[in-house]
Amino acid sequence: MLKAAFPGSFDPPTLGHLNIIQRAAGIFDELLVVVAENRQKKYLFSAEERVEMIRQLTADQGNVSVAICDSLIVDFLQQQGIKLLIRGMRGMDDFSYEFEVSMMYKALDPAIETIFLTTDPQYIVLRSSSIKEIASFRGNISEMVPPLVAAALREKYPPT
Ligand code: ADP
């Protein structure tokens, strides 16, 4: 039974995240999407809102579940008995950051293996922070996020 976790901020979830979720769910028996709740970070969507969006977006994928983590991800994975961690990779910038983070995880728990899935090319420029910025200027983000996320962003940034 191969169980993997895909941690991230998902503030908000994008088509790029969903692509990684779908592909990872096709490889592993079970996938736990882990929504980070880091008190030092400022999020646009609450952890509950992010979880609810991901739940709805993955409702047809029986082997995908969603949880909130407000502690060290390594400790959380130990509690859950998960040793495989999935991260998405858009390019070299992601690589240098993700490589360092994976080394940090190894230092904290050598049993954890980080597995990288490279993005499908059509999602390479999708980034939650850019999407929030475009949405804040009421730009069109309908090709970047699923309709329910676009609607949630419109609620946060109502038309002026
Ligand atoms: P974090 O704040 O932990 O980086 P994100 O929500 O930004 O969380 O991203 C979570 C994971 O999803 C990261 O591994 C990131 O590289 C990956 N990811 C984000 N956007 C994309 C995308 N467009 N294609 C592939 N992977 C992505």
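Quick note: structure is the one above.
Caption draft 1: Looking closely at the pairing of strand β5 (residues 113-118). Sheet topology note: the strand β4 (residues 84-89)/β5 ladder contains six bridges and is parallel. Across the sheet, residue Leu85 finds its bridge partner in β5, namely Thr114. Of the crossover connections in this fold, the one passing from β4 over helix α4 (residues 92-108) to the parallel β5 is right-handed.

Caption draft 2: Here's a closer look at the packing of helix α2 (residues 47-57) against helix α6 (residues 147-156). It is the contact of α2 with α6, at a shortest axis distance of 10 Å, that shows an interaxial angle of 155°. In terms of their interaxial angle, α2 and α6 are classed as roughly antiparallel. Taking contact as the criterion, the partners of Glu49, Met53, Gln56 and Leu57 in α2 are, on α6, Leu148, Val149, Ala152 and Lys156. Residue composition of the contact of α2 with α6, by class: five nonpolar, one polar and two charged.

Caption draft 3: The arrangement of the sheet that holds β5 in detail. In spatial order, the strands read β3-β2-β1-β4-β5; together these five strands make up an open sheet with parallel pairing. Two strands close off the open sheet at either side, each with one partner strand: β3 (64-69) and β5. Strand-to-strand, the axes of this sheet are offset by a mean angle of 30°, without reference to chain direction. Pairing analysis gives two bridges linking strand β1 (residues 3-8) to β4, with the strands arranged parallel. Following the sheet pairing, Ala4 is matched in β4 by Leu84.

Caption draft 4: Fine view of the side chain of Asn19. Mapped onto the elements, Asn19 comes out in helix α1 (residues 15-27). Looking at Asn19, its side chain comes within polar contact range of the side chain of Asp120, at 2.9 Å.

So, how was this worked out
Along each chain, residue indices are assigned from 1 in the same order as the chain's sequence is written. Given that the model is predicted, a residue must reach a pLDDT of at least 70 before its local features are reported, and side-chain atom pairs must reach 80 or more before they are shown or counted; all residues, however, enter totals for whole chains, interfaces and linings. Here the side-chain values reflect all heavy atoms present in the structure, with hydrogen atoms and water set aside. Note: two strands are recorded as paired if DSSP finds a minimum of 2 bridges between them. Where helices and strands are cited, they refer to DSSP runs of H or I of at least four residues and of E of at least two residues respectively, numbered from the N terminus. When the strands point away from the viewer and the connection leading from the first strand across the helix to the second strand turns clockwise, the crossover is called right-handed. Axes here mean lines fitted to C-alpha atoms, for a helix over just the part in contact, with angles spanning 0 to 180 degrees between N-to-C directions. An angle below 35 degrees is read as roughly parallel, one above 145 as roughly antiparallel, one from 65 to 115 as roughly perpendicular, and any other as oblique. Between two residues, a contact is recorded if the distance between any of their heavy atoms is within 4.5 Å. Under this grouping Gly is polar, as are all residues other than the nonpolar Ala, Val, Leu, Ile, Met, Phe, Trp, Tyr, Cys and Pro and the charged Asp, Glu, Lys and Arg. Any pair of nitrogen or oxygen atoms within 3.5 Å is treated as a polar contact; in protein, a donor-acceptor pairing is required on top of that, and neighbouring residues in sequence qualify only through side-chain atoms on both sides.

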